[in-house]
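The residues making up each chain are set out below.
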Amino acid sequence: MKHHYPDHLKIEVLQHLEKVGSLTQAARKFSIHPSTVYGWKHIGLAAFCQRASLCPPPANAVSTDPNARIQRLEQENAVLREAAKLYFGYK
């Protein structure tokens, strides 16, 4: 049976993972299966922060250069595609 965890919990787990550096320890602390935490790590903290609007954008995110904006949007699109692949089980 699939569990649906709120984004704020995913963010907290990933921040803890960055602090301790051990996926197993982070999973144990929050009683979440390590493979679930690994999947979240693959999606990335930034994607969950953006989705939950809990983390402020990076300081360099505000730019008037259209090429920089296009590059950021392409990176965001790539992250969202990977998340969709994981979520929907695409290969």
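Everything below is about the structure shown above.
Values in this document were obtained by computation on a predicted structure and should not be read as measured data.

Undergrad: Mind showing me how you'd approach the packing of aromatic side chains here?
TA: Two aromatic rings, taken as a pair, are described by how far apart their centres are and by the angle between their planes. Considering all chains together, one arrives at two aromatic pairs under this definition. For the ring pair Tyr5 and Trp40, a centre distance of 5.3 Å and an interplane angle of 80° mean the geometry is edge-to-face. Of this pair, Tyr5 sits in the segment before helix H1 (7–20) while Trp40 sits in helix H3 (residues 34–43), and the two are 35 residues apart along the sequence. Ring centres of Tyr87 and Phe88 lie 4.8 Å apart, and the angle between their planes is 85°; on these two criteria the pair is classed as edge-to-face.

Undergrad: In this structure, what is going on with the nonpolar core? I would like to understand it.
TA: One recurring pattern in soluble globular proteins: nonpolar side chains tend to sit buried together. Core analysis: the biggest nonpolar cluster contains 18 residues, and Val13, Leu14, Leu17, Ile32, Val37, Trp40 and Phe48 have the highest contact counts within it. For this core, the elements supplying multiple residues, two or more each, are H1, helix H2 (23–30), H3 and helix H4 (45–52). With five residues, H1 is the single largest residue contributor to this core. The contacts of Val13, once residues within four sequence positions are left out, are Ala26, Phe30, Ile32, Val37 and Trp40.

Undergrad: Mind showing me how you'd approach the packing of H1 against H2 here?
TA: For any two helices packed against each other, one specifies the inter-axial angle together with the distance between the axes. It is at 9 Å that the axes of H1 and H2 come closest, and there the two elements cross at 140°. In terms of their interaxial angle, H1 and H2 are classed as oblique. Where H1 crosses over H2, the handedness of that crossing is right-handed. In contact with Leu9, Glu12, Val13, His16, Leu17 and Val20 of H1, H2 contributes Leu23, Gln25, Ala26, Lys29 and Phe30. The residue makeup of the contact of H1 with H2, split by class, is seven nonpolar, two polar and two charged.

Undergrad: How do you make sense of helix H5 (residues 66–88) when you look at a structure like this?
TA: Count 3.6 residues to each turn of an α-helix, and residues three or four apart come out pointing the same way. Its 23 residues place the ends of H5 32 Å apart at the C-alpha level, agreeing with the 33 Å of an ideal helix rising 1.5 Å per residue. With its phi angle positive at about 80°, Gly89 sits one or two positions after the end of H5.

Undergrad: Sorry, what's going on with H1 here?
TA: Between its terminal C-alpha atoms H1 stretches 20 Å, which fits the 20 Å expected from 14 residues at 1.5 Å a residue. Those residues of H1 that fall on the buried side of the exposure criterion are Asp7, Leu9, Lys10, Ile11, Val13, Leu14, His16 and Leu17. Looking at the buried residues of H1, the elements they touch are H2, H3 and H4. Downstream of H1 by a residue or two, Gly21 has a phi angle that is positive, lying close to 80°.

Parameters at a glance
- Residues numbered from 1 in each chain as written.
- Predicted model: local features only at pLDDT ≥ 70, side-chain atom pairs only at ≥ 80, totals over all residues.
- Heavy atoms only, no water.
- Phe/Tyr/Trp six-rings, centres within 6.5 Å; stacked < 30°, edge-to-face > 60°.
- Helix = DSSP H or I, 4+ residues; strand = E, 2+ residues; numbered from the N terminus.
- Core = buried A, V, L, I, M, F, W, Y, C linked by side-chain atoms within 4.5 Å.
- Buried < 20%, exposed > 50% of the residue type's maximum accessible area, 1.4 Å probe, protein only.
- Contact = heavy atoms within 4.5 Å.
- Axes fitted to C-alpha atoms, helices over the stretch in contact; angles between N-to-C directions.
- Parallel < 35°, antiparallel > 145°, perpendicular 65-115°, else oblique.
- Left-handed = near helix turned anticlockwise from the far one by under 90°.
- Nonpolar A, V, L, I, M, F, W, Y, C, P; charged D, E, K, R; others polar.
- Expected span 1.5 Å × (residues − 1).

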